[in-house]
Amino acid sequence: MRLGINLGYFGAGNDADNLAVAREADRLGYSVCWAAEAYGSDAATVLSWVAAQTERIDVGSAIFQIPARTPTMTAMTAATLDTLSGGRFRLGLGVSGPQVSEGWYGVRFDKPLARTREYVEIIRKAMRRERLEHHGAHWDLPLPGGPGKPVKLTVHPVREHIPLYIAAVGPKNLELTGEIADGWLGVFYAPEHSEDSLAHVRAGREKAGLTMDGFDVVPTVPVVLGEDPVEAAHAVRGHAALYIGGMGSREQNFYNRLAVRMGYEKEAAEIQDKFLAKDYLGAGMAVPHDLLDKTALLGSKERIAERMQAYADTGVTTLTIAPTADTLDARIATVRAVAEALELSGLA
C-alpha cells in the first residue's frame, strides 16, 4: 500500500506551509500529492507550482471540476502538467455538486453520469492525439453547420495514457468509475463499510471486461495524532459535519446519503438539521465518535499502524492522508509519523 498526501485548498495564507508539507512527503517517498478546488484556488495552477518544487512525488487533481472546464481544455491542461512534471501528473475528475455547478459555473447539474462518461471519452481521444470528433448529448465536436473542423492535440504528451481517477460517492457513479477510470478517489471511507462501495466498483470493472488488478483505490483519510483517540476525534468533527450536514441541500447531499448507507441514518438527519439551522458546533458534536474513528486515523503512531492494516485488507492501494493539525510543525510531524506507521505495519 502506497501513501498519498492531500493538501486541500490553497490561497488562505497557507501556501508556503502546504508546499513545505508536499516537499516533506516527497522526501519521505510518498507516492502522490493531491490538490483540490471548489470556488477559490484552482488545482491546475497549484499543481504546476508544487511540481516545479518537488522531485519524485506525483501531483494529482482531487479534483478538477467537470463543470469548470471543457473536456478538451482539461486534456490540454493534463498534457501540459504531465510534460512539465516529467510524467508525474494524475488526473482526478468529479462533477462537484449542484450548488457549485449551477451557482458558480452556471452549468446545469443534470445527468452527471452521462456527462462524466462523455467527458472522459473526449479526454481519452484527445490524449491519443486523434482528430477530435464527438457527437453526444452534452458535447458536439465540431459544432455542425459551422467553420469548425476536427483537430488534434498539437503537443506530444510524455504519456499517451495519463492515470485518470473519478471522485465518486453514489452507487451508480462508483460503477461508472470502475468501468471507465483507472482509480477511485474515495471520501469517508470506512473499512467496515467499504464492501458495498467496492462491490459497485467491481461491477463496473466486470462490465468493461476488467478486474481490479491495476485499479487504484484511493481514499482520503484525515489523520490526527494524539494519545487519546476520543480527544483527537474532536479535530475532525467540523469537517465531517460540513460534509454530512451542509455540502448540498437537504434534498441532495451525497455525503449525507453515504452516512445513511453506513448505518447512521438518525445521526445524519440530526447533523443536517443542526447544520442547516447554523448550529455548527452542535452539528459537529452530533457526529458519532464511531463514525469518526472508522473514517479517520486517530491516536498514536502504533494505533494508526494497526488501523492501516484494515484499509489494506479491503483493497486500498493508495492511502491518502489529510494531516489535521494547527501548525506547520504538527502537520510535518503527522506526515512523518504516518510514514513510520506504514513501516511498522509491514505494508510498505
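Definitions and limits used
Residues numbered from 1 in each chain as written. Predicted model: local features only at pLDDT ≥ 70, side-chain atom pairs only at ≥ 80, totals over all residues. Heavy atoms only, no water. UniProt positions renumbered as here; feature names shortened; annotations may be inferred. Helix = DSSP H or I, 4+ residues; strand = E, 2+ residues; numbered from the N terminus. Buried < 20%, exposed > 50% of the residue type's maximum accessible area, 1.4 Å probe, protein only. Arc of directions from axis to C-beta. Contact = heavy atoms within 4.5 Å. Polar contact = N/O pair within 3.5 Å; in protein donor to acceptor, adjacent residues only side chain to side chain. Expected span 1.5 Å × (residues − 1). Patch = residues over 30% accessible without salt bridge, like charges linked within 9 Å, V, L, I, M, F, W, Y side chains within 5 Å. Areas by Shrake-Rupley, 256 points an atom, 1.4 Å probe, with all protein chains shown as cover. Salt bridge = Lys/Arg side-chain N within 4 Å of Asp/Glu carboxyl O. Lys, Arg positive; Asp, Glu negative; His and termini not counted. Charge placed at Lys NZ, Arg CZ, Asp CG, Glu CD. Pairing = 2+ DSSP bridges. Right-handed = clockwise from strand over helix to strand, strands pointing away.

1. Concerning the UniProt feature "domain: Luciferase-like" (unreviewed entry) in the chain
Mapped onto this numbering, the UniProt entry gives "domain: Luciferase-like" (unreviewed entry) at residues 16–317. Structurally, residues 16–317 is divided into 48% helix and 14% strand, and its ends, taken at the C-alpha atoms, are 29 Å apart.

2. Things to note about the side chain of T334
Position of T334 relative to the elements: it lies in helix α15 (residues 328–345). Overall, T334 belongs to the buried group, its relative accessible area being 2%.

3. As for helix α10 (residues 254–261)
Given 3.6 residues to a turn, an α-helix orients residues that are three or four positions apart in the same direction. Within α10, the full set of buried residues consists of Y255, N256, L258 and A259. Buried residues along α10 cover an arc of 155° about the axis, so they all sit on one side. Looking at the buried residues of α10, the elements they touch are β9 (183–187), α9 (237–246), α11 (265–276) and α13 (289–295). Backbone nitrogen of Y255 and a side-chain oxygen of the N-cap are separated by 2.9 Å at the start of α10; the cap is N253.

4. Thoughts on helix α3 (residues 71–84)
Compared with an ideal rise of 1.5 Å per residue, which puts 14 residues at 20 Å, α3 spans 20 Å between its outermost C-alpha atoms and is within 8% of the ideal. Listed as buried for α3 are P71, T74, A75, T77, A78, A79, L81 and D82. Along its buried surface, α3 packs onto α2 (43–52), β4 (64–65), β5 (89–94) and α5 (112–127). Backbone geometry just after α3 places G86 at a positive phi near 75°.

5. A word on a negative patch on the surface
Taken together, the side chains of E227, D228, E231 and E302 make up a negatively charged region of the molecular surface. As for its placement among the helices and strands, D228 is situated in the loop between β10 (216–225) and α8 (229–233). A relative accessible area of 39% means that D228 is categorised as partly exposed.

6. Remarks on the pairing of strand β2 (residues 32–35)
The alternating pattern of β2 places V32 and W34 on one face and C33 and A35 on the opposite face, and all of these are buried. Note: strand β1 (residues 2–6) against β2, three bridges, orientation parallel. By the bridge assignment, N6 is partnered in β2 with W34. Crossover connection from β1 via helix α1 (residues 15–28) to parallel β2: handedness right-handed. The handedness of the β2 to strand β3 (residues 58–61) crossover, carried by α2, is right-handed.

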